[in-house]
Amino acid sequence: MSATLRVCALYPELMNIYADRGNIAVLRARCEWRGLGFELGASSLGEALDSCAHDLFYMGGGQDRDQAAVAKDMVATKRDALHRANERGAVVLGVCGGYQLLGHNYRAGDDEIPGVGLVDLHTVRGEGERLIGNCAIETDLGTGPRVIAGFENHGGRTYLGAGERPLGRVLSGHGNNGDDGFEGVLRGNVIGTYLHGPLLPKNVWLADRLIELALEVELRPLDDRMEEAAHASARRAAGV
Amino acid sequence: MLRAWQAMARGVRRLSRAAGRGGGTTLPGRMLLRAQPRALERMARELDRGSVLISATNGKTTMAAMVAAVLREAGQPVVHNRAGSNMAWGVATALLDAKRGSDQLGLFEVDEAWLPAVARAVRPRTYLLANLFRDQLDRYGELELIADRWAELVAEDAGRARFVLNADDPLVADLGRGQDGVVYFGIDDDSQALAELGHAADSKRCRNCGTPYVYRTILLGHMGHYRCPGCGRERPPPEVAARAVELKGMSGARFTICTPQGELEAELPVPGLYNVYNAVAATALALELGVSLEDVRAGLSGFGGAFGRVETIEVGSRPVSILLVKNPAGANEVLRTLTLEDGQLDLWIALNDGIADGRDVSWIWDVDFEVLAGHVRRVSCSGTRAEEMALRLKYAGIEAQPQVDRDLARSLDAAVAAGADGAGTLYALPTYTALIELRELLARRGLAGRWAD
C-alpha cells in the first residue's frame, strides 16, 4: 500500500522569509522519488484548520509585522486544531518565527505576541545584537546522534521550560539564546528550530526522518551523494 | 587637514590600482573617513552642480551607468562611483575627484542600508529610488526596516530635494504620497505581465492598512499595477512610462518611453524587463536634471552594460556572458531572460557566501531555477557553496548533471572547454564576490580590464 504525505503549510504567503519553500520542495521530491504520494495544503489568515487532514504541519519565519498578525490569527483559528493534531501524532515543524510561535509567547518591550503553547517555552527580544550566522547542532531523533547544519538569524532569545528538551546541543553558533548551548525544541513529534537555510535541503536525513515519523513508515534509501555533499558544505560553513 | 588626507587617499588609490589590488575603490575612502569623519560632507560641497543619489535593491550600478552615459551625451562632467563600490567609503573614494569650478555633478549609487547616512552627509538635490526586494537578510534585516528608514529620510528632505520614484513598486511609491517634488516612473505594458505573483514576492500587503494588494498586472516580482481594496491606495500614474515593450532575448529590448517632454523610441542593447525598468528610471532622472530627450536616446542606445552586468568576454575561443546574480528578484529576471534564448544553454553558476554576497545562501531556494528545466545542456557549479547550488538545481528538475568544483578558475576552464565544439555562448552567473574573483582572473589573463573604467 502506498501512503501519501499530506503537508499543511501554515501562512505560506506570509511566513516564508527564509526561502521556506525549499523545505516543502525537498519533502515533496523525496516522497515522490519513493513512490509515496504528496499533497500540499495551506491554511492562512482567518482560515480554520482541519486537524485530521494533514500529517505534517509546517511554518516558517516572517517579517515582524506579519508575524504579529499571524500570531493573533493562529491563536484564534488554529490553536485547538494544532493541539488535536499533535495528540494524534502529526508532525509539527516550526522554523525561526514559526518556532517562536509554538511556545507561550514572544515579548518585545511592552508588546507581547501570543503563541499556541504546544511546547513549554517563551521568547524575549534580546537587548543585544541579532544572533546571526552559520550554525550546527547535534541531535538524536531516535536513530542515533546526527548533525543538523543551517543558518540562524533571530533577534529573539528562546528559553525552554524545566521539563522541555532541546532539539540539540550547539556545536557551532548561538542556538536558542546564545547562552545555554542548546538549540530548538523536541517534544514527541513537535520540532522547533532556528536553523533555516532552508533546513531540509541541507539535512535531507531530517526530511526523511520527518516523513517516517509522520507516516509511521520506514523509507528506502535514495542516491544521496549530492545531498551529502551539500550537507558537508553547510557543515563546513559552520566549521563543523 | 582635509586636503592633506585627501592627497594621501589619492596616493593610496594610485598605488592600489598600480598594484592590481582591486580597483582601489574602497580603501582610500575608508582611510579618509576614519581620519576625517566629515570628509564626505565637505568634499560633496565641492560639486558645483550638487549630487544625485541612486538606490535600490536591484539595478543601482546599471541605472547609474545609464545616467552617466546620457550625461556624457549632454556634455555634463560627473563624479561617479562607477565600479559599484556603494557604501560611504566608495562614495568618499569617488569624491576624491571632486573639484570646485569644474561644473561637476555627483552621480552616486548608494547601498540601500547606507542611503540615510550618505544622504545626510551629501545632501543630494535629487534621489532616484527604484525598488526594494528581499536581499541579504543577514546584513540588511527585513525589508520593512529599510522602507521605514527611507521614509524618514524622504520626510526629512521633503521640500529640499526632488524624488524620482518607481510607481510600480508599492513600497517605493508610498514614499512619495503627499510629498511635493515627486516624479513617478513605471511600465505601462500589460503584454509583459506575469501570470501570478512570485512566491518570493515581498510587498504583498498595503503598508497603510495591511490589506493584500490586488494586481491588475504583475510585471516583475511585486512590481506592477496594484490597488489596495482596503484603503484605496493604488499605483500612482507615472509621468515617465515605458510602453510597447519588445524583449529580444539576450540581445536587448525596444520600447517607447512616454514623457511630459514627448515620446522617445528606445533601443536598448542590454536584455530583460529589469533593464527596461532601469532605462525608464534613468530617463526620468536625466529629464529631471534637464537633459534633452535626444541625449537620453543617444545615451541609452550606446549603452554597453555596467560592470559585470551583461558583459561578454572571449575566453579561449568562446564568448562568456557574465550576468551578476545576487538575490531572488534579480536572479529570477536573469533566468526569465535566458529562457527566451533559442536552443539549449550552457551555464556556469558561482555561489559564494562572502559578506558582500550575504553569508546566508538560503536565497537560492527562492529563485525559480525550475524555469530552466528543459533548457540546460550543461551546467557547472562553483564558488564556496558550490555543492549547495548543485543540489538546488537537482530539486529544480534540471536534467543535466552539474559539474561541481569550488575552485573558480578550474571550474570555469572546464566549462569553457566542455563546449568548445561550437556550443556557443557560456552564460556565467556569479554572485558578487564571485564576480570580483572572475574579473581578477580574466584580468590576470589579459582578457578583460579589472574595473569598468
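Note: the structure precedes this text.
Residues numbered from 1 in each chain as written. Chains lettered and ligands numbered in written order. Predicted model: local features only at pLDDT ≥ 70, side-chain atom pairs only at ≥ 80, totals over all residues. Heavy atoms only, no water.

The phi torsion of most residues other than glycine is negative, and most of the peptide bonds are trans. In this structure, Pro198(A) follows Gly197(A) across a cis peptide bond, with omega equal to -25 degrees. In this structure, Pro198(A) sits in the loop between strand E14 (190–193) and helix H5 (199–202). A positive phi angle is found at Asp103(B), which is not glycine, with a value near 60 degrees. On the secondary structure map, Asp103(B) appears in the loop between helix H5 (88–95) and strand E3 (105–109). Despite not being glycine, Ala244(B) has its phi angle at roughly 45 degrees, a positive value. Inspection of the secondary structure puts Ala244(B) in strand E9 (residues 240–247). Overall, Ala244(B) belongs to the exposed group, its relative accessible area being 54%. (Helix = DSSP H or I, 4+ residues; strand = E, 2+ residues; numbered from the N terminus. Buried < 20%, exposed > 50% of the residue type's maximum accessible area, 1.4 Å probe, protein only.)

This part is about the environment of Glu387(B). Residues and elements named next belong to chain B. Relative to the assigned elements, Glu387 resides in helix H13 (residues 386–395). Note on Glu387: relative accessible area 13%, which makes it buried. The spatial distance from the C-alpha of Glu387 to the C-alpha of Met223 is 32 Å, given a sequence separation of 164 residues. One polar contact links Glu387 to Arg406, side chain to side chain, over a distance of 2.5 Å. (Polar contact = N/O pair within 3.5 Å; in protein donor to acceptor, adjacent residues only side chain to side chain.)

What follows is about the packing of aromatic side chains. Counted under the stated rule, the structure contains seven aromatic pairs over all chains. Seen in terms of ring centroids, Trp33(A) and Tyr395(B) are 5.0 Å apart; in terms of plane orientation they differ by 45 degrees. Their pairing is tilted. Of the two residues, Trp33(A) is situated in the loop between helix H1 (21–32) and strand E2 (37–43) and Tyr395(B) in helix H13; the pairing between them involves two chains. Classification of Tyr395(B) as buried rests on a relative accessible area of 9%. Judged by centre distance (5.1 Å) and plane angle (10 degrees), the ring pair of Tyr127(B) and Phe163(B) falls under stacked. (Phe/Tyr/Trp six-rings, centres within 6.5 Å; stacked < 30°, edge-to-face > 60°.)

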